[in-house]
Amino acid sequence: MKKSIRTGTVLTLIGLLLSSSLYAAEVKSLRGDKDIAAESDRAVVKKNIRDRDPIPRNYVQQPPLIPHKIKGYKINLKFNKCLTCHSWANYKQSGATKISLTHFKGRDGQDLSNISPRRYFCTQCHVRQTEATPLVENEFHAVKAIHR
Ligand code: HEC
Ligand code: HEC
């Protein structure tokens, strides 16, 4: 009895090993099977874009992409560099877009008098851009509500 349980366990393990290696063989990244290191010269992540006009959005709920450099812009408990230009108090002087009303809504939908803690860490949603060739071709089309 004991022996057959053991044989069973061994067989199951072999089966698992076999199926996982088969499964692993089928998984292929979108990038293909090229080594990342071989491609790394294309992914120049450090090359910041030059400051430019706002980048068209792809869908209405999209957090707009950051169209300028943000190197050295600190965001911590005491200081938020982004707000020195994008807050309602400063946007006129800096010529930046002011943060929208949605950024003043609390977790339960209540209206707040200052930016919601949920929106404080800007780069959680808004991403800076780089001059890198895309590693994978992208066929995404923007929604019709934005582009006809
Ligand atoms: C020195 C001022 C300044 C600082 C600091 C700054 N920005 Fe900006 N930002 C601008 C200006 C100016 C624009 C462009 C406005 C225009 O051309 O309509 C802009 C545009 C943007 C936009 C595009 C808005 C849109 O409608 O497409 C986003 C998103 C943005 N900034 C996010 C950030 C974030 C996040 C930070 C902090 C990491 C930051 N900015 C820091 C001045 C600033
Ligand atoms: C949780 C995600 C999130 C965070 C964090 C966040 N945003 Fe946004 N932001 C959005 C989304 C989504 C939009 C587009 C819809 C809207 O206006 O709410 C947006 C819109 C904007 C716009 C364009 C407003 C307009 O009228 O077109 C600016 C500028 C902006 N955000 C700046 C900031 C700054 C600066 C911070 C940090 C202080 C920040 N955001 C934090 C998600 C976020």
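To start, this report covers the structure provided alongside it. (Residues numbered from 1 in each chain as written. Chains lettered and ligands numbered in written order. Predicted model: local features only at pLDDT ≥ 70, side-chain atom pairs only at ≥ 80, totals over all residues. Heavy atoms only, no water.)

Helix and strand counts for the protein chain stand at four helices and zero strands. Each of the 148 residues in the protein chain was classed as buried or not, and the buried ones make up 14%. Accessible surface, the protein chain: about 12,700 Å² in total, of which carbon and sulfur atoms supply 58%. (Helix = DSSP H or I, 4+ residues; strand = E, 2+ residues; numbered from the N terminus. Buried < 20%, exposed > 50% of the residue type's maximum accessible area, 1.4 Å probe, protein only. Areas by Shrake-Rupley, 256 points an atom, 1.4 Å probe, with all protein chains shown as cover.)

Coordination of the iron atom of ligand 2 by the protein comes from H103 (NE2) and H126 (NE2), over a distance range of 2.0 Å. Around the iron atom of ligand 2 sit six donor atoms; with metal-centred angles ranging over 86 to 178°, the donor geometry is octahedral. Of this pair, H103 sits in the segment after α4 (91-94) while H126 sits in the segment after α4, placing them 23 residues apart in sequence. Each member of the pair H103 and H126 is classed as buried. (Donors = N, O, S within 2.8 Å, 3.2 Å for Na, K, Ca; no water. Tetrahedral: all angles 85-135°; square planar, octahedral: opposite > 155°, others 65-115°.)

Quick look at the site of ligand 1 now. Residues in contact with ligand 1 amount to 18 residues; listed here are only the nearest, R57, H68, C82, C85 and H86. Between ligand 1 and R57 there is a distance of 3.2 Å, counted from an oxygen atom to a side-chain nitrogen or oxygen. Here a nitrogen atom of ligand 1 sits 2.9 Å away from a polar atom, N or O, in the side chain of H68. Among the detected pockets, ligand 1 sits in the largest pocket. (Near = heavy atom within 4 Å. Polar contact = N/O pair within 3.5 Å; in protein donor to acceptor, adjacent residues only side chain to side chain. 1 Å grid on protein atoms, 1.4 Å probe; cavity = no way out; pocket = protein on both sides within 12 Å on 5 of 7 lines; lining within 4 Å. Sits in = over half its atoms within 2 Å of the grid points.)

Another point: the environment of N114. Residue placement: N114 occurs in the segment after α4. On the basis of relative accessibility, which here comes to 53%, the residue N114 falls in the exposed class. Sequence separation of N114 and S87 is 27 residues, and the distance between their C-alpha atoms is 9.5 Å.

Taken together, the side chains of Y59, V60, F140, V143 and I146 present a nonpolar region at the surface, about 430 Å² in accessible area. One can find I146 in the segment after α4. By relative accessible area, I146 is classed as partly exposed at 30%. (Patch = residues over 30% accessible without salt bridge, like charges linked within 9 Å, V, L, I, M, F, W, Y side chains within 5 Å. Salt bridge = Lys/Arg side-chain N within 4 Å of Asp/Glu carboxyl O.)

Around the iron atom of ligand 1, the protein contributes the donor atoms H68 (NE2) and H86 (NE2), at 2.0 Å from the metal centre. Taking relative accessible area as the criterion, H68 reaches 25% and is therefore assigned partly exposed.

It is worth spelling out the site of ligand 2 at this point. Taken together, 23 residues form the shell around ligand 2, and within it T102, H103, C122, C125 and H126 come nearest. The separation between an oxygen atom of ligand 2 and a polar side-chain atom of S100 is 2.5 Å. Placement of ligand 2 is best described as lying within the largest pocket. Among the residues making up the shell around ligand 2, the classes are represented as 10 nonpolar, nine polar and four charged. (Nonpolar A, V, L, I, M, F, W, Y, C, P; charged D, E, K, R; others polar.)

With that out of the way, let us pick up the packing of aromatic side chains. Scanning the model with the defined rule gives two aromatic pairs in all. Relative to F104, the ring of W88 lies with its centre 5.7 Å away and its plane at 75°, an arrangement referred to as edge-to-face. In this pair, W88 sits in the loop between α3 (83-86) and α4 while F104 sits in the segment after α4, placing the two residues 16 residues apart along the sequence. Given a relative accessible area of 12%, F104 falls into the buried group. Aromatic pair Y120 and F121: ring centres 5.1 Å apart, planes at 85°, arrangement edge-to-face. By relative accessible area, which is 16% here, Y120 ends up buried. The ring of Y73 is capped by K81, whose NZ or CZ atom sits 5.5 Å from the centre of that ring. Residue placement shows K98 over the ring face of W88; its charged tip is 5.0 Å from the ring centre. (Phe/Tyr/Trp six-rings, centres within 6.5 Å; stacked < 30°, edge-to-face > 60°. Lys NZ or Arg CZ within 6 Å of the ring centre and 35° of its normal.)

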